[in-house]
Amino acid sequence: MKLNKNPSNAELAKYLRWISASLQIKQASRFRIIAYDKAADSIENAETSVTELWKSGNLNQLPGVGGSITQHIDEIFRTGKSDHFAETMDGIP
């Protein structure tokens, strides 16, 4: 799935849930799966748009959105995709 460079909170949350699901299928660490689910919940329920949080450099201020997830989301906003997320979803129909 390719996102546009300016995804809505709902679009980004859905994308993170797909990452979580692919990690479940690949039997990744339970903690990684939970991290993506928490980040998705936090983004979906945020009162501010993710775009505004990203532009102001405050994306990591959302509960559950840690450093590595912030870096991957930053890549989405800059390029419309995340290489790490693409690799995670590789092989998942």
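Owing to the predicted nature of the structure, the values given are computational and were not obtained by experimental measurement. (Residues numbered from 1 in each chain as written. Predicted model: local features only at pLDDT ≥ 70, side-chain atom pairs only at ≥ 80, totals over all residues. Heavy atoms only, no water.)

Under the criterion given, the structure shown has four salt bridges. Put simply, D41 and R17 hold a salt bridge, and the shortest N to O gap is 2.5 Å. A residue pair is termed long-range when its members are at least 10 positions apart, and D41 in helix α2 (residues 30–44) and R17 in helix α1 (residues 9–25) qualify at 24 residues. Among the residues examined, D41 registers a relative accessible area of 37% and is labelled partly exposed. On the accessibility criterion, R17 (28% relative accessible area) is partly exposed. Note that R78 is salt-bridged to D74, the shortest N-O span being 2.7 Å. (Salt bridge = Lys/Arg side-chain N within 4 Å of Asp/Glu carboxyl O. Helix = DSSP H or I, 4+ residues; strand = E, 2+ residues; numbered from the N terminus. Buried < 20%, exposed > 50% of the residue type's maximum accessible area, 1.4 Å probe, protein only.)

Given a rise of 1.5 Å per residue, 15 residues ought to cover 21 Å, and the 21 Å separating the end C-alpha atoms of α2 matches this to within 8%. For α2, every residue scored as buried is listed here: I33, Y36, A39, A40, S42 and I43. Next to the buried residues of α2 lie α1, α3 (50–55), α4 (67–79) and α5 (83–89). The opening residue of α2 is S29, an N-cap whose side-chain oxygen sits 3.2 Å from the backbone nitrogen of F31. (Expected span 1.5 Å × (residues − 1). Contact = heavy atoms within 4.5 Å. Polar contact = N/O pair within 3.5 Å; in protein donor to acceptor, adjacent residues only side chain to side chain.)

It is worth spelling out the packing of α1 against α2 at this point. Where α1 contacts α2, the two axes come as close as 8 Å, and the packing angle between them is 170°. Looking at the two axes, α1 sits roughly antiparallel to α2. For the element pair α1 and α2, the recorded crossing hand is left-handed. Where α1 abuts α2, its residues N9, L12, A13, L16, R17, I19, S20, L23 and Q24 lie against R32, I33, Y36, D37, A39, A40, D41, I43 and E44. Counted by class, the contact of α1 with α2 contains 10 nonpolar, three polar and five charged residues. (Axes fitted to C-alpha atoms, helices over the stretch in contact; angles between N-to-C directions. Parallel < 35°, antiparallel > 145°, perpendicular 65-115°, else oblique. Left-handed = near helix turned anticlockwise from the far one by under 90°. Nonpolar A, V, L, I, M, F, W, Y, C, P; charged D, E, K, R; others polar.)

With that out of the way, let us pick up the packing of α1 against α4. Pairs of packed helices are described in terms of their axes, by the angle between the two and the distance that separates them. Viewed as axis vectors pointing N to C, α1 and α4 meet at an angle of 125°, and their least axial separation amounts to 13 Å. With respect to each other, α1 and α4 are oriented oblique. The handedness of the crossing between α1 and α4 is right-handed. Judged by residue contacts, L12, Y15 and L16 of α1 engage I73, I76 and F77 from α4. For the contact of α1 with α4, a count of residues per class yields six nonpolar, no polar and no charged.

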